[in-house]
Structure formats: C-alpha cells, structure tokens
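# Observations on chain architecture
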Amino acid sequence: MSQQSAFSSPGFDFSNSVRNNFLQEKGMPLPKATSTGTTIVGCLFKDGIILGADTRATEGEIIADKNCEKIHYITESIRCCGAGTAADTEFTTASISSNMELHALSTGRKPRVVTVMTMLKQYLFQYQGHVGAALVLGGVDSTGPHLFTIHPHGSTDKLPYVTMGSGSLAAMAVFESSWKPNMERNEALALVSAAVSAGIFNDLGSGSNVDACIITATQTEMLRNFVKPNERVEKERHYTFRRGTTAWKSENIRDLIVNEDITLVGATGDAMDIS
Amino acid sequence: MNRLKSGEVNLGTSIMAVQFDKGVVIGADSRTTTGSYIANRVTDKLTHVHDRIYCCRSGSAADTQAVADIVHNYLQLYTQIHGAHPPVSSAAGMFQDICYDNKDALSAGIIVAGWDKEVGPSVYNIPLGGGLFRQPWAIGGSGSTYVYGYCDATYQDGWGRDETVEFVKNTLSLAMARDGSSGGVIRMCVITEDGVERLFVPGDKLPKFWEGREVLSGPVKKSVEPAAMAIE
C-alpha cells in the first residue's frame, strides 16, 4: 500500500503493479481495459469539417457499450473523436476542454484548433505513449477550418481527410477513392457515412451506429446515431409469461421500516437560525 | 536505446540538405509510417524553426516534432532577447543539446540547414547519438543508406541553385525508389538571404532512372514512325 503523504508526487502511481503481478502469478487474469476498437474519421469540405465515428466500445472480445459517444466536446466550434483506451480519450479531451474554456476567458479570443492540438500533443508526449488516446481533432476558428490527427505518442498530422482506430484502413480506402476538395455538405456527409460504415462492417472492433458532427463557421450540428444500420430485428415470438404462470403457496408482507423517529435539525426547525 | 516503441509513428524517410554559394537546398520525401501502414503520405518533414533556418526530421515523428517545437520556441526568445536573427550554428547547437542530453529517450535524426549574415549558408547533421557535424552536404533517414554512393560520385563544389536542386531531386528520387519507408512526393526548400522558396515534385513526376523495361520485352525497339503520305 502506498504511504499517504501531504504532498502528492506528480505522474503515475505504479504501486498497484506489485499487487497485479502477484495476482497474475496466482492465475488471476488481468481485466481488459475498455477500448474503443473503433473507426473515427474527419473530412474537410467546402464550408468546414465533418467528423464521424462508430459507437462500439469493447472490453477484450465483449462489447461493453453498444452505443457509446466517441465525438467529444472541446469548445463550441471544436470537436474531437477519440480512439484507443476509452478512459484516456474521455478524460484527456475533458481536461483540455476545461483548460480551453479558461484559456478563451484569459485571452479574450475565440479558441483556435491549433491551440487544442498543441495542448493535446504536449500532454500525450509527456506521457510517452502510456496515455492511449488516438484522436481526430477538427474545428473551425477565426483562421478557418482545420483537421488534425494526434497519435498516442504525441505526433500530429494536418490533413484534409483522416481516419484512426482499428477500422481506419477500411475507412481510408473509402476516402482515398472518393474524396475531392470543396465538396458540398450532402456529398461530404454521405462520404463520411460510407467511410464509417466501411469500418463498422469490415472491422470487428467497430460496429453499431454512425455518429456525425458537422462544424461550420456559423454553427455546429451533432448528428447522434445519424445512421443505424444494425438495429435488432423484432423478435418473432413473445417471451413474456402471463400473470399466474407461477403458483404460490403463502404470502408474507413485511414493512422494512420498523421504527421511525423524526428529529428536526436546528433549534427552530426549518427556519434560518439567526441568533 | 533509440529504437522506436511499438505503435510509435515513424518518419522512415529520406532527407538531405546541400549548401551552395547563395544558400542551401533542403529536401525530404513525404512518407510517415506506423508499422507497415502509411499514416500520412503527404507529410511535410521540412520544419520551420526560424525565418532562415529549417530542419529536416527523421526517426520518431513525436520526438522530432517535440524537439523542433522546443527549438522554435528558443529561437523566438533568442530573436527577442538579442534583437538579431540567430546564426544557424546556434540553432544547431540547441538541437544538439536536446538530442544529446536525452539520447536514451529520443529517436531523432535531424539535419539543420539555413542562411545567416555572418557565415552565409550552412548545413549541420545531427544523427542519433546527438553528435554535431557541419558538412557541405548531408543525407539522413533510412533511405539515405542507398544513396551514399550516388552522392559521393555526383557532388561537386561550386554549383549554383539549379544544379543543387537537381542533385537533391535526383538523390531523393533514387532513395525513394529503393527504400520502402520512403516515398510519396518530394518537398524541397531553397533558403537564401532573400527568402525561402518552397518546391514540390508530385509522385508521378519524379525523375526516372533504370526501370527494368528491357528485362521483360527484349532490346528496346525503335518506335515505328508512320510513313509520310506520298502525294504525286
């Protein structure tokens, strides 16, 4: 057990690894971190950026969440898709979002995508790849629309179309065959949809629905579950049991509240004590 | 221990910088890989650290971006503090300090090149261990190993701008043809007293060398020209 100290040292606390190694030796398997297997994409079009993501979160071979949200809020006009370890993407984006709000108040200016990118890359580089967050960052600011990809070790690329996650190869194939500059909104949305769908159907780590987010200079539109190509079919039979299926022999109802004493807190009960 | 960690993005790469009378020409390929997947096929590996000082990055993308950002910051401070543009040797020294002091944690091969008033053009090579070597021309990255012979045989002192650009273009094209971790397009910068000129050679317009056509189809046939129409 680690010592409680008045001054907490910065960085990761690895004291649990001793316990984990011991348990592993005894035969207890390590629990698998929830990973967002994932297909996340971003695409530049005439009026701004469209981000897309699937909605499957996996814990090893099990699907932990069939409809999770992978497009995270950073600021009004900046969003970030996250692949990799779900907790890492969730907390990293939330932390930078909080810092960006303070930064915007401090500078008095609308937040810029490059600022978010620099904050994210410097944080991830500091942790040398141990924070497993692979991000697609996109947004529109005073300098125009920007789209970045950020890898867990802290390297970034600035591109007009990007894909990340286990389904990235399937999605990139769609982009490489059909992306062109200055697309209209409908075209671009259809392309993003097709790219994420390619990941959903061809990658086991991705699945369920397509989320999309359209960011332009004037507004940001979040299209949650834009396409639902995996809805469960209606079951052919009804499996509910009618009342009375199970017979009972005796009934005993007990009140769980045995004895109740009500004491008002404060000398004068509800009224404010100004004595 | 400079090996890339698993999953780390790698600037496989062919980079080079060559000095000529009025300035330097720097060039790089555009491929960034994660294992065998090309994460970015149009990367810009020629990074601005000052108005007349650029660096070519090879090795780990994350490490080289971080180091270049730090040196860029230092050089902005230098300019404000000294009220003058920093010499290329100072920039190279800053790179060297970071690369040498953190040699165990970093995987970065950097070529620093630029122009300054006192010395004129200069090229500094900083390979993996963090040593600093001033050279008239320098090549680096995984693709460079294939073109040492070509460069040694071709380089001449006293070239002008155009000959130097040709040399860089041809060298990189040869390296990209043989190295799997290099490819895409050629990006070049010509840095002189007057400014920085960016040049771009798309992947389908790369200089061609031996392509092995004769191996499959026998000796090269002369193309048959249509006979001129005889008008009596």
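Residues numbered from 1 in each chain as written. Chains lettered and ligands numbered in written order. Predicted model: local features only at pLDDT ≥ 70, side-chain atom pairs only at ≥ 80, totals over all residues. Heavy atoms only, no water.

## Here we look at the pairing of strand β12 (residues 186-192) of chain B
Residue and element names in this part refer to chain B. The element β12 is largely enclosed, with a buried count of seven among its seven residues. Residue alternation in β12 divides its side chains into two sets, I186, M188, V190 and T192 and R187, C189 and I191, and both sets are buried. Sheet topology places strand β3 (residues 23-28) next to β12; six bridges connect them, and they run antiparallel. Looking across to β12, one finds that V25 is bridged to V190. Of the strand pairs in this sheet, β12 and strand β13 (residues 195-201) are connected by seven bridges, and their pairing is antiparallel. Within β13, the position partnered with M188 by the bridge is L199. What sits between the antiparallel neighbours β12 and β13 is a turn of two residues. (Buried < 20%, exposed > 50% of the residue type's maximum accessible area, 1.4 Å probe, protein only. Helix = DSSP H or I, 4+ residues; strand = E, 2+ residues; numbered from the N terminus. Pairing = 2+ DSSP bridges.)

## A short note on the UniProt feature "active site" (unreviewed entry) in chain A
Residue and element names in this part refer to chain A. Residues annotated by UniProt as "active site" (unreviewed entry) correspond here to T38. Note on placement: T38 falls in the loop between α1 (16-25) and β1 (40-45). Apart from residues no more than four positions distant in its own chain, T38 is found in contact with D54, R56, K70, A83, M164, G165, S166, G167, D203, G205 and S206. For T38, the side chain forms a polar contact with the side chain of K70, separated by 2.6 Å. (UniProt positions renumbered as here; feature names shortened; annotations may be inferred. Contact = heavy atoms within 4.5 Å. Polar contact = N/O pair within 3.5 Å; in protein donor to acceptor, adjacent residues only side chain to side chain.)

## Some words on the interface of chain A and chain B
By convention, interface size is frequently given as the accessible area that disappears when the constituent parts associate. Across the boundary between the two partners, chain A contributes 16 residues, which contact 18 residues of chain B. Between chain A and chain B, a total of about 1,300 Å² is buried, with carbon and sulfur atoms accounting for 53% of that surface. On the surface where chain A and chain B come into contact, there are two salt bridges. A salt bridge links K121(A) to D69(B); the nearest nitrogen and oxygen atoms lie 3.4 Å apart. Taken together, the links from chain A to chain B amount to six residue pairs in polar contact (both at pLDDT 80 or more). The element that contributes the greatest number of residues to the side of chain A that touches chain B is helix α4 (residues 168-178) of chain A, accounting for four residues. (Buried area = accessible area lost by both parts, 1.4 Å probe. Salt bridge = Lys/Arg side-chain N within 4 Å of Asp/Glu carboxyl O.)

## Describing the packing of helix α2 (residues 86-107) of chain A against helix α3 (residues 113-126) of chain A
Residue and element names in this part refer to chain A. Running from N to C, α2 and α3 cross one another at 135°; their axes reach a closest spacing of 10 Å. Between α2 and α3, the angle is such that the two are oblique. In this structure, the crossing between α2 and α3 has a hand that is right-handed. Taking contact as the criterion, the partners of T92, I96, N99, M100 and H103 in α2 are, on α3, T115, V116, M119, L120 and Y123. The class makeup of the residues in the contact of α2 with α3 is six nonpolar, four polar and no charged. (Axes fitted to C-alpha atoms, helices over the stretch in contact; angles between N-to-C directions. Parallel < 35°, antiparallel > 145°, perpendicular 65-115°, else oblique. Left-handed = near helix turned anticlockwise from the far one by under 90°. Nonpolar A, V, L, I, M, F, W, Y, C, P; charged D, E, K, R; others polar.)

## Topic: the pattern of salt bridges
Inspection of the entire model under this criterion finds 14 salt bridges over all chains. In this structure, the salt-bridge partner of E184(A) is K46(A), at a minimum N-O distance of 3.0 Å. Of this pair, E184(A) sits in the loop between α4 and α5 (185-202) while K46(A) sits in the loop between β1 and β2 (48-53), and the two are 138 residues apart along the sequence. Take K46(A): its relative accessible area is 42%, and that puts it in the partly exposed class. A salt bridge links K169(B) to E166(B), with the shortest nitrogen-to-oxygen separation between them at 3.4 Å. Of this pair, K169(B) and E166(B) both sit in helix α4 (residues 161-178), three residues apart, roughly one helical turn. Judged by relative accessible area, which is 38%, E166(B) ranks as partly exposed.

## Let's talk about the UniProt feature "domain: Proteasome beta subunit C-terminal" (unreviewed entry) in chain A
Within the UniProt annotation, "domain: Proteasome beta subunit C-terminal" (unreviewed entry) is assigned to residues 229-262 of chain A. Here residues 229-262 of chain A runs as 0% helix and 0% strand, with 55 Å between its end C-alpha atoms.

## A short note on the environment of Y146(B)
Residue and element names in this part refer to chain B. In this fold, Y146 is placed in the loop between β11 (137-140) and α3 (148-154). Y146 sits in the partly exposed class, given a relative accessible area of 48%. Taking the C-alpha atoms as reference, Y146 lies 9.6 Å from A177; in sequence the two are 31 residues apart. Not counting residues up to four positions away in its chain, the partners in contact with Y146 are R178 and D179.

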